[in-house]
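# Report on the structure
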Amino acid sequence: MLELDYDYASCVKNSEKVAWKLDDVMPEGTRLDFGRPFLPTALSARGDLSFLTADERRKLNQITGNAYLNLFGFVEEYIIALAVQHAEAEMFGDHDAIRALVRFADEEVKHQALFHRYVEAFRRDFGHECEVLASAAEVAGVILGKSPIAVMLVTLHLEIMTQAHYVECVKDDTAIDPFFIKLLRFHWMEESQHARIDALELDKLLSAATPEMIKTAFDDYLGLIDAFDGLLKAQAEMDARAIARAAGRTFDPDQTRQIVAAQHAGYRHTFLVYGMTHSTFLEDLAKISSDAAHRVSHRAKELS
Amino acid sequence: MAGSSPLAKGAIDPALTKVLNMMGPDRGRAAIADAMRRAALTSLQTPNDRLRFACALMESGGICAAIGRAIKIQAILHGANGDPSTND
C-alpha cells in the first residue's frame with residue numbers, strides 16, 4: 001500500500017553505519033554552556049513576549065530546549081515498548097525484521113538515556129528548578145492501548161517530524177548552542193532508519209486491515225494528537241513557572257497567560273503541526289486514505 | 001475457516017511457517033494439527049483464528065509456548081481481539 005523502496009535488511013545496514021556510543025556524544029559530567037539559545041526560532045515560543053528582557057528570552061528558550069529533549073525521552077518510553085512488541089511478533093519468522101526492530105529498540109533506549117543525561121545536566125547547571133513532564137510510563141500505557149495502526153501512525157509522525165526539525169531548522173543555525181546541535185544531529189542520524197522501519201511495520205499492518213480498522217485508526221490518531229496537546233499545555237504552564245524563577249521576578253496574570261500561550265503555541269507547532277503537515281507524512285496518509293489525510297490536514301489547520 | 005488442511009497447498013500462513021521454521025516439518029506438522037484440533041479450526045483465515053490457534057499452541061508449553069506467544073502478539077497487532085463476531 002505504501003509502495004516503499006527499502007527493506008529491513010537495508011535499515012540494519014544503514015543503522016550499523018551510523019551507530020554511536022552515548023559516552024562519545026555526551027560523556028558523564030558534561031557541563032552545559034548557557035551563553036546561547038538552544039532551539040532555533042522556528043521551534044521556540046510563538047508570540048510577542050516583549051515584556052521579557054533579552055536575557056530572559058534566552059533563558060526561556062533554554063527552558064524550552066530542556067523540555068524539548070525531555071519530551072523526546074518521554075515519547076520514547078512508549079516507542080521502546082512498541083518496537084519490542086513488534087520484534088516479538090516477528091520472532092521465529094523474518095530475521096531481518098527482528099534485527100531491525102531490536103536495533104530500533106536499543107537505539108531508542110540509548111536516546112532516552114542521552115536525553116535523561118542532558119535533562120540531569122540542565123537541572124545541575126541551569127541554577128533554577130525547571131519542571132518537566134514525568135508520567136511517561138502512564139502515557140505509554142494510554143498510547144499502547146489504542147489501535148496498533150494508530151500507534152504506528154503517531155510513531156511515524158514523530159520520527160518524520162524529528163528528522164525535519166534537524167534538517168530544516170537546526171543544522172544550519174549558527175546562532176544556537178553547538179552542543180545542542182550536536183545532540184540533535186546524532187539523534188537524527190539514527191531516527192532516519194526508525195522512520196523507515198515505522199513505515200515498513202505500518203505497511204504490514206495495513207496489508208490486512210479492513211476499511212473499518214483504518215477509520216478507527218485515524219480516529220485514534222487524532223484522539224492521541226488531542227491528548228498530546230493537553231500534555232504540551234501542561235508543559236507550557238510549567239515553563240511559565242520556571243521562567244519566573246529564572247528571571248527572579250513575578251509576572252502578572254496577563255503576562256503569565258501570554259507566556260503559557262506562546263509556549264503552548266510553540267510546542268503545538270513543533271510537535272503536532274510540524275508532523276501533521278509534513279509532505280512525507282501526508283503522502284503516506286494519502287496512500288492509506290485520502291479522506292483521512294484530509295481530516296489530518298484540517299485538524300492541523302485548527303491547531304495552527 | 002474453510003479448507004481441509006492448513007498445510008495442504010498454496011502459500012502457508014506465516015503463523016504456521018513460524019512453527020515449521022522452529023520445529024521442523026514433522027514435529028511442526030504434529031504441533032499444528034494438535035493446536036488446530038484443540039482450537040476447533042481447519043484453517044487460519046482471520047486475526048482471531050490466529051489468536052485462537054496461538055492460545056491453543058501455547059497450552060503445549062516449551063517452545064510451542066514461545067512460538068504461540070509470537071503468533072498471538074502478531075494476531076493482536078493485526079486486529080484480533082478474541083471476539084469472534086468482529087473479524088471472523
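Quick summary incoming for the structure in this document. Just so it is clear, the structure is predicted and the values come from calculations on it, not from any experiment. (Residues numbered from 1 in each chain as written. Chains lettered and ligands numbered in written order. Predicted model: local features only at pLDDT ≥ 70, side-chain atom pairs only at ≥ 80, totals over all residues. Heavy atoms only, no water.)

## Brief notes about unusual backbone geometry
The backbone of F92(A) shows a phi angle near 70 degrees, a positive value even though the residue is not glycine. Residue placement: F92(A) occurs in the loop between helix 3 (54-90) and helix 4 (95-126). Judged by its relative accessible area of 12%, F92(A) is buried. For A40(B), which is not glycine, the phi dihedral falls at a positive 55 degrees. Mapped onto the fold, A40(B) is located in the loop between helix 1 (14-38) and helix 2 (47-58). (Helix = DSSP H or I, 4+ residues; strand = E, 2+ residues; numbered from the N terminus. Buried < 20%, exposed > 50% of the residue type's maximum accessible area, 1.4 Å probe, protein only.)

## Let's talk about the nonpolar core
One finds Y78(A) and Y118(A) to be the most contacted residues of the largest nonpolar core, which totals 114 residues. A per-element tally of this core places helix 8 (residues 211-247) of chain A first, with 16 residues. Apart from the residues within four sequence positions on either side, Y118(A) is in contact with M26(A), L32(A), F38(A), N66(A), L69(A), F179(A), F180(A) and L183(A). In this structure, F92(A), M36(B), L44(B) and C64(B) belong to the second largest nonpolar core, which totals 21 residues. (Core = buried A, V, L, I, M, F, W, Y, C linked by side-chain atoms within 4.5 Å. Contact = heavy atoms within 4.5 Å.)

## Comments concerning the interface of chain A and chain B
Across the contact, 13 residues belong to chain A and 14 residues belong to chain B. Sorting the residues of chain A by area buried against chain B places E88(A), A89(A) and F92(A) first, and these three jointly supply 52% of that buried surface. At the surface where chain A touches chain B, the tally comes to 1 salt bridge. The shortest N-O distance in the salt bridge between E88(A) and R69(B) comes to 3.4 Å. Our count for the contact surface shared by chain A and chain B stands at 7 residue pairs in polar contact (both at pLDDT 80 or more). (Buried area = accessible area lost by both parts, 1.4 Å probe. Salt bridge = Lys/Arg side-chain N within 4 Å of Asp/Glu carboxyl O. Polar contact = N/O pair within 3.5 Å; in protein donor to acceptor, adjacent residues only side chain to side chain.)

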